[in-house]
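The residues making up each chain are set out below.
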Amino acid sequence: MPNRERLAEAITRRLTDRSRLTAPARLWEAVLADLRRRVGTRRANEWARCARLVSLADDEAVVAFPDRAACQGALGALHDSVQEAIRAVTNRKTRLSFVSDPNVLPRRPLPPM
């Protein structure tokens, strides 16, 4: 049993170790964690699945979505919550903009025929 517990602890530590992430990636992870507390894990994860932080400079954050419909849906549904999460993490009055960019998510290769 003790070996199993140590193994579980080691796996948990490895999975939660964010030290390998870049600064923007760590920031985005912190924003998503805050957003999960605000709106619930399921809703935040559904939203974050297609959203990417593309820039954070001069007190403005830009989050991109793969298409206009997703962008407009996010504007109505979570803009204020995401902005509050970014402000809480950065400790600044950061403005939030949503944009649509078809290149924001990696394209999946077509399956072989």
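Quick note: structure is the one above.
Here the structure is a predicted model, which means the values were calculated and not measured.

Caption draft 1: Summary view of the packing of helix α2 (residues 23-39) against helix α3 (residues 41-48). Following both chains from N to C, one finds α2 and α3 inclined at 140°, their axes separated by 7 Å at the closest point. One finds that α2 runs oblique with respect to α3. Here W28, L32, L35, R36 and V39 of α2 come into contact with α3, specifically with T41, R43, A44, N45, W47 and A48. Residue composition of the contact of α2 with α3, grouped by class: 7 nonpolar, 2 polar and 2 charged.

Caption draft 2: Up close: the nonpolar core. Among the nonpolar cores identified, the biggest contains 21 residues, and W47, V63, F65 and F98 are the most heavily contacted of them. Sorting the residues of this core by element identifies α2, α3, β2 (60-65), α4 (68-90) and β3 (95-100) as the ones contributing at least two each. Filtering out sequence-adjacent residues up to four positions away, F98 remains in contact with W47, V63, F65, C71, A74, L75 and H79.

Caption draft 3: Seen up close, the pairing of strand β1 (residues 52-57). Sheet topology places β1 next to β2; 5 bridges connect them, and they run antiparallel. Residue pairing across strands places L56 opposite A61, the latter belonging to β2. Once β1 ends, the chain turns through 2 residues before running back antiparallel as β2, passing D58 with a positive phi of about 50°.

Caption draft 4: Here's a closer look at the pattern of salt bridges. Counted according to the given criterion, the structure contains 5 salt bridges. Between D34 and R37 there is a salt bridge; the shortest N-O distance is 3.4 Å. Separated by 3 residues within a single helix, D34 and R37 lie in helix α2, roughly one turn from each other. Look at D34 and you get buried, because its relative accessible area is 10%. Residue R37 is classed as exposed on the basis of its relative accessible area of 64%. With a shortest N-O distance of 3.3 Å, R42 and E46 are connected by a salt bridge.

Caption draft 5: Inspection of the sheet that holds β2 at higher detail. What the 3 strands build is an open sheet, ordered β1-β2-β3; its pairing is mixed. The sheet is open, and its two borders are formed by β1 and β3, each paired with just one other strand. Each adjacent strand pair in this sheet contributes to an overall mean axis angle of 20°, direction not counted. As paired strands, β2 and β3 are joined by 6 bridges and run parallel to one another. When the sheet's bridge partners are listed, A64 is paired in β3 with V99.

Conventions and cut-offs
- Residue numbers restart at each chain and count upward from 1, following the sequence in its written direction.
- Restriction of local features to residues with pLDDT of at least 70 applies here, the model being predicted, together with a cutoff of 80 or more for giving and counting side-chain atom pairs; totals for whole chains, interfaces and linings are based on all residues.
- In computing side-chain properties, one takes all heavy atoms of the structure into account and sets aside hydrogens as well as water.
- Each axis is a line fitted through C-alpha atoms, and for a helix only the stretch in contact is used; angles between axes span 0 to 180 degrees, taken between their N-to-C directions.
- Helix and strand definitions follow DSSP, with helices as H or I runs of at least four residues and strands as E runs of at least two, each counted in order from the N terminus.
- Working rule for angles: under 35 degrees goes down as roughly parallel, over 145 as roughly antiparallel, 65 to 115 as roughly perpendicular, anything else as oblique.
- Any two residues whose heavy atoms approach within 4.5 Å at even a single point are treated as in contact.
- Think of it as three bins: nonpolar holds Ala, Val, Leu, Ile, Met, Phe, Trp, Tyr, Cys and Pro, charged holds Asp, Glu, Lys and Arg, and polar takes everything else, Gly as well.
- Put simply, buried Ala, Val, Leu, Ile, Met, Phe, Trp, Tyr and Cys residues joined by side-chain atoms within 4.5 Å make one nonpolar core.
- Note on classification: 1.4 Å probe, protein chains only; a residue is buried when its accessible area is under 20% of the maximum for its type, exposed when over 50%, partly exposed between these limits.
- Any two strands between which DSSP finds at least two bridges are classified as paired.
- Each salt bridge in this description consists of a side-chain nitrogen of Lys or Arg and a carboxyl oxygen of Asp or Glu lying within 4 Å of one another.

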